[in-house]
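# Inside the fold
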Amino acid sequence: MDGLTVGDREVKITKPGSYVLSGTWNDGQILVDVGKESEAILILDGVNITNTKSAPIYIKSAEKVKIELADGKDNVLTDAEFYEFENPQENKPNACIYSRDDITIKGNGSLTVNANFNNGIGTSNDLKITGGNITVKAFNNGLKGNDSVTISGGNIDITSEADGIKVDNTEEAHKGFVNITGGRIKIKARNDGIDSTRSVTVNNAEVKVSAGGENVKCEGIVNIAEGCINALESEEF
């Protein structure tokens, strides 16, 4: 297929389009490098990918990437405990699913993310989730968007050794927000449940939190509809 190169440890996508991925890979990576002005769609149709040196999915260059979870399919991604970088000065990827640009996760399938190195699902820009049954277990933060995290649907279960959902952009006035407008979310975090720099908005969603720190931490605007955030009972862990 034009735009797709398959190697022993890497499937490299270099042209925009939709790509259907399935099967088990004991040591490999899906690398997306389509250019800053192009988009790609990754359809996870029953994959089980482990990487012993890095991230199973690394979006190196794209304007936007959509990850679609195929109906009725289970997908499992597991990264390395320690990453090996070609350039000693490099520190990306730093998540089991990592994107340098915008990423959207959608669909009705299932996704399990076992993040042993750092963050579970992370991006240097905006992270959006519109659907899916998603389970994240992370050594650091569960969901990490440098610019923003937006959730409008899905069933999301996060267990993290740091924050459950984290956004830390302080430089741009229109960034640095968490916006949850749908879905059911469970967060068990050693630090804060939701940590954002400028704003946190939660409405029309069910969010249950058990946090070692604050359920919601934000020095900016916090707008949470009544009844949207509740304690996560021990039997629900």
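As the structure is a computational prediction, the values presented were derived from the model and not from experiment.

Below, the discussion takes up the side chain of Asp195. When you line up the elements, Asp195 lands in strand E19 (residues 194-196). Polar side-chain contacts of Asp195 include one of 3.2 Å to the side chain of Lys166. For Asp195, the contacting residues outside a window of four places in its chain are Asp163, Ile165, Lys166, Val167 and Lys217.

On to the environment of Ala55. Assignment of secondary structure puts Ala55 in the loop between strand E4 (29-50) and strand E5 (57-69). Given the relative accessible area of 0%, Ala55 is considered buried. C-alpha separation for the pair Ala55 and Gly107, spaced 52 residues apart in sequence, amounts to 22 Å. Every residue in contact with Ala55, bar those within four places of it in the chain, is listed here: Gly28, Gln29, Asp79, Tyr83, Pro93, Ala95 and Cys96.

Moving on to the state of the cysteines. What the rule picks out here adds up to zero disulfides. Lacking any disulfide linkage, Cys218 is separated from the closest cysteine sulfur, that of Cys228, by 16 Å. With relative accessibility at 16%, the residue Cys218 sits in the buried group.

Moving on, we get to the packing of aromatic side chains. Taken as a whole, this structure holds three aromatic pairs when the rule is applied. Seen from their ring centres, Tyr58 and Tyr98 are 6.1 Å apart, and the 40 degrees between their planes marks the pair as tilted. With Tyr58 in strand E5 and Tyr98 in strand E7 (residues 95-99), this residue pair connects regions lying 40 residues apart in the sequence. On the accessibility criterion, Tyr58 (8% relative accessible area) is buried. Linked through ring pairs, Tyr83, Phe85 and Phe117 together constitute an aromatic cluster.

Take the pattern of salt bridges next. The tally for this structure, following the rule as stated, stands at ten salt bridges. A salt bridge links Lys36 to Asp101, with the nearest nitrogen and oxygen atoms 3.2 Å apart. In this pair, Lys36 sits in strand E4 while Asp101 sits in the loop between E7 and strand E8 (102-107), placing the two residues 65 residues apart along the sequence. Residue classification places Lys36 among the exposed positions, given a relative accessible area of 53%. The residue Asp195 makes a salt bridge to Lys166 at a minimum N-O spacing of 3.2 Å. Of this pair, Asp195 sits in strand E19 while Lys166 sits in strand E16 (residues 165-167), and the two are 29 residues apart along the sequence. A single burial state applies to Asp195 and to Lys166, both of which are buried. Via salt bridges that share partners, Asp163, Lys166 and Asp195 belong to a single interconnected network.

The rules behind the values
- Residues numbered from 1 in each chain as written.
- Predicted model: local features only at pLDDT ≥ 70, side-chain atom pairs only at ≥ 80, totals over all residues.
- Heavy atoms only, no water.
- Helix = DSSP H or I, 4+ residues; strand = E, 2+ residues; numbered from the N terminus.
- Polar contact = N/O pair within 3.5 Å; in protein donor to acceptor, adjacent residues only side chain to side chain.
- Contact = heavy atoms within 4.5 Å.
- Buried < 20%, exposed > 50% of the residue type's maximum accessible area, 1.4 Å probe, protein only.
- Disulfide = S-S within 2.5 Å.
- Phe/Tyr/Trp six-rings, centres within 6.5 Å; stacked < 30°, edge-to-face > 60°.
- Salt bridge = Lys/Arg side-chain N within 4 Å of Asp/Glu carboxyl O.

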